[in-house]
Amino acid sequence: METPGFVKNSGQNMKRKIYPIIILLILGILLASCSGRSSMTASGWASVSTDGETAYVSFNTQVIAVNLANGTERWRFPTEPDPKITFYAAPEFTPDGQLVVGGYDNVLYKINPQNGQGAAFFDGAEGRFIGSPLAASDMIFAPSADHILYALDKNGQVIWQHETEEPLWAQPVT
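Everything quoted here is computed from the prediction, not taken from an experiment. (Residues numbered from 1 in each chain as written. Predicted model: local features only at pLDDT ≥ 70, side-chain atom pairs only at ≥ 80, totals over all residues. Heavy atoms only, no water.)

**Q** Can you help me understand the pairing of strand 12 (residues 158-163) in this one?
**A** The two faces of a sheet get side chains in turn, since along a regular strand they alternate between them. Bridging between strand 11 (residues 148-152) and strand 12 involves five bridges; their strand directions are antiparallel. Bridge pairing in strand 12 links Leu152 to Val158. Between the antiparallel neighbours strand 11 and strand 12 lie five residues, among them Gly156 with a positive phi of about 85 degrees. (Pairing = 2+ DSSP bridges. Helix = DSSP H or I, 4+ residues; strand = E, 2+ residues; numbered from the N terminus.)

So, in structure tokens, the structure goes:
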């Protein structure tokens, strides 16, 4: 004859056995993805900017504009994924209302936030753009992994540049 205590203890014992298995599976997945032994290359991490109505998400091979009111996609840049381009940094708004985002292909892109039309804005860096650019006044400051902070005008022309000892992966501040 079974007692209520026996059933209760069996359930607790089962929970105690499942938790370590779940924890081990999670740890295994995390360690496998961080081991560096994978043949896959990094595909980026999501970064977001917003104007209050639209979220601009840079992730992997595209920048995607999402309507915050209803979650629908407004546009993608480029319209078709380009395996040569990967975006890590969040897009930055320029004083003239455009978006600037750096690519892992050493190119800074300027995108119209209304329709997603964009093109190369600056391609003079030797290193990748991982950190977000900073738009301040009438200049854009673009940190590059080539150890250079580029100060650009609104047309993407270099005003000045500053070389550092290490690669620049973070957004500059004023």
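**Q** Please explain the pairing of strand 11 as it appears in this structure.
**A** Counting buried positions over the five residues of strand 11 gives five, a clear majority of the element. A two-sided burial pattern is seen for strand 11, the buried positions comprising Ile148, Tyr150 and Leu152 on one face and Leu149 and Ala151 on the other. Taken together, the four bridges between strand 10 (residues 139-143) and strand 11 define a ladder with antiparallel strand orientation. Counted as the bridge partner of Ile140 is Leu152 from strand 11. Linkage of strand 10 to strand 11, two consecutive antiparallel strands, is achieved through a turn of four residues, within which His147 is found at a positive phi near 75 degrees. (Buried < 20%, exposed > 50% of the residue type's maximum accessible area, 1.4 Å probe, protein only.)

**Q** For this particular structure, what's the right way to read the sheet that holds strand 9 (residues 134-136)?
**A** Sheets are built from strands that pair by backbone hydrogen bonding, the pairs being arranged parallel or antiparallel. Pairing in this open sheet of four strands is antiparallel, and the strands run 9-10-11-12 from one edge to the other. Only two strands of the sheet have a single neighbouring strand rather than two, namely strand 9 and strand 12. Taking the axes of each pair of neighbouring strands and ignoring which way they run, one obtains an average angle of 20 degrees across the sheet. (Axes fitted to C-alpha atoms, helices over the stretch in contact; angles between N-to-C directions.)

**Q** Sorry if this is basic, but what is going on with the sheet that holds strand 2 (residues 54-59) here?
**A** A sheet is described by the order of its strands in space; here four strands give the open sequence 1-2-3-4, paired in antiparallel fashion. Where the open sheet ends on each side, the last strands, each with one partner, are strand 1 (47-50) and strand 4 (73-77). Direction aside, neighbouring strands of the sheet carry axes that sit 20 degrees apart on average. Bridging between strand 2 and strand 3 (residues 62-67) involves six bridges; their strand directions are antiparallel. Within strand 3, the residue paired with Tyr56 across the bridge is Ala65.

**Q** How should the packing of aromatic side chains be read in this particular structure?
**A** To describe a pair of aromatic rings, you give the distance between the ring centres and the angle between the ring planes. Considering all chains together, one arrives at eight aromatic pairs under this definition. With a centroid separation of 5.9 Å and 35 degrees between ring planes, the pair formed by Tyr56 and Trp75 is classed as tilted. Taken as a pair, Tyr56 in strand 2 and Trp75 in strand 4 lie far apart in primary sequence, 19 residues in all. Under the relative-accessibility criterion, Tyr56 is labelled buried at 0%. The exposure class of Trp75 is buried, given its relative accessible area of 7%. Aromatic pair Phe141 and Trp160: ring centres 5.9 Å apart, planes at 50 degrees, arrangement tilted. Residue Phe141 is found in strand 10, and its partner Trp160 is found in strand 12; the two are separated by 19 residues along the sequence. On the basis of relative accessible area, Phe141 is assigned to the buried category, the value being 13%. On the basis of relative accessible area, Trp160 is assigned to the partly exposed category, the value being 36%. Within the aromatic cluster, the residues linked to one another by ring pairs are Trp45, Tyr88 and Tyr104. Above the ring of Tyr104, the side-chain terminus of Arg128 is found at 4.2 Å from the ring centroid. (Phe/Tyr/Trp six-rings, centres within 6.5 Å; stacked < 30°, edge-to-face > 60°. Lys NZ or Arg CZ within 6 Å of the ring centre and 35° of its normal.)

**Q** What should I look at first to understand the pattern of salt bridges in this one?
**A** Opposite charge on two side chains lets them pair, provided their charged atoms get close. Within this structure, the stated rule accounts for two salt bridges. Of the charged contacts, one joins Lys110 and Asp96 as a salt bridge, the two residues approaching to 3.6 Å between their closest N and O atoms. Taken together, the residues span a long stretch of sequence, with Lys110 in strand 7 (residues 108-111) and Asp96 in the loop between strand 5 (92-93) and strand 6 (99-102) at a distance of 14 residues. You can call Lys110 buried: its relative accessible area is 17%. With a relative accessible area of 48%, Asp96 lands in the partly exposed category. (Salt bridge = Lys/Arg side-chain N within 4 Å of Asp/Glu carboxyl O.)

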